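Chains, contacts and geometry: an overview
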Amino acid sequence: MKPVAVDESGVARRRAAENNGARIAALAIGGAFLLLILAFVTMAFIVRDEARLNPIGPVAPGAGSERGGVVFSGAAGTWELRGQVAIDAQRSVHVAFDLVSPTGQPAPASLVPTIAFEQPDRETTPLTATASREAPGSYVATAPLPADGQWRLRIGLPEIAAVLVFDVAE
């Protein structure tokens, strides 16, 4: 039998050390829960400089897209992007995309996105192309690609870049 402490009134009491295991477990679980909540709240304030665009379907080979391509969609910051990449027989890539604001309005004329192409597996200087505005919120760009293989399209917007990886086949 464990010894029991008796206070001055004569009431038997358990030692405080016997309850520490439950308290420590509760503090550990509570601390882990608070750290998890803090991590989720912090994630909202972390600034990302890249947003990945999602390929949603192929572009069938045809006139102007003899090597095919990819249709893409995604969000970059507050902008919604939808478009396509098509590669012709001479390995020129044609990019066409729409930029839509959170309110559903097209991008303003003052917004000029930057376009760059790079090969992820090679240490080369990115190829740049000039995006021309075809209609409110609609842009096109063309650039010759020097090699087949995997390429990365980077559409530069204020505060963020939208990135799409695509393949150029022979």
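This report concerns the structure included in the present document. (Residues numbered from 1 in each chain as written. Predicted model: local features only at pLDDT ≥ 70, side-chain atom pairs only at ≥ 80, totals over all residues. Heavy atoms only, no water.)

Overview of unusual backbone geometry
Positive phi outside glycine occurs at Arg 91, with the angle close to 70 degrees. The residue Arg 91 is located in the loop between strand E6 (79-87) and strand E7 (92-100) in this model. The residue Glu 159 is not glycine, and still its phi comes out positive at about 75 degrees. Note that Glu 159 resides in the loop between strand E12 (149-157) and strand E13 (160-168). Assessed through its relative accessible area of 78%, Glu 159 is described here as exposed. (Helix = DSSP H or I, 4+ residues; strand = E, 2+ residues; numbered from the N terminus. Buried < 20%, exposed > 50% of the residue type's maximum accessible area, 1.4 Å probe, protein only.)

With respect to the pattern of salt bridges
Summed over all chains, the structure comprises 5 salt bridges. Across the pair Asp 148 and Arg 67 runs a salt bridge whose closest N-O atoms are separated by 2.6 Å. One end of the pair, Asp 148, is in the loop between strand E11 (138-144) and E12; the other, Arg 67, is in the loop between strand E4 (54-59) and strand E5 (69-76), with 81 residues separating them in the sequence. Accessibility expressed as a relative area gives 23% for Arg 67, which makes it partly exposed. (Salt bridge = Lys/Arg side-chain N within 4 Å of Asp/Glu carboxyl O.)

Considerations on the sheet that holds E4
Read across the open sheet, the 6 strands follow the order E4-E5-E6-E7-E11-E10; overall the sheet is antiparallel. Looking along the sheet, the strands with just one partner apiece sit at the ends: E4 and strand E10 (132-135). With direction set aside, neighbouring strand axes in the sheet form an average angle of 25 degrees. Direction of pairing for E7 relative to E11: antiparallel, over a ladder of 7 bridges. By the bridge assignment, Val 95 is partnered in E11 with Ala 141. (Pairing = 2+ DSSP bridges. Axes fitted to C-alpha atoms, helices over the stretch in contact; angles between N-to-C directions.)

These results come straight from atomic positions and should not be treated as a statement about function.
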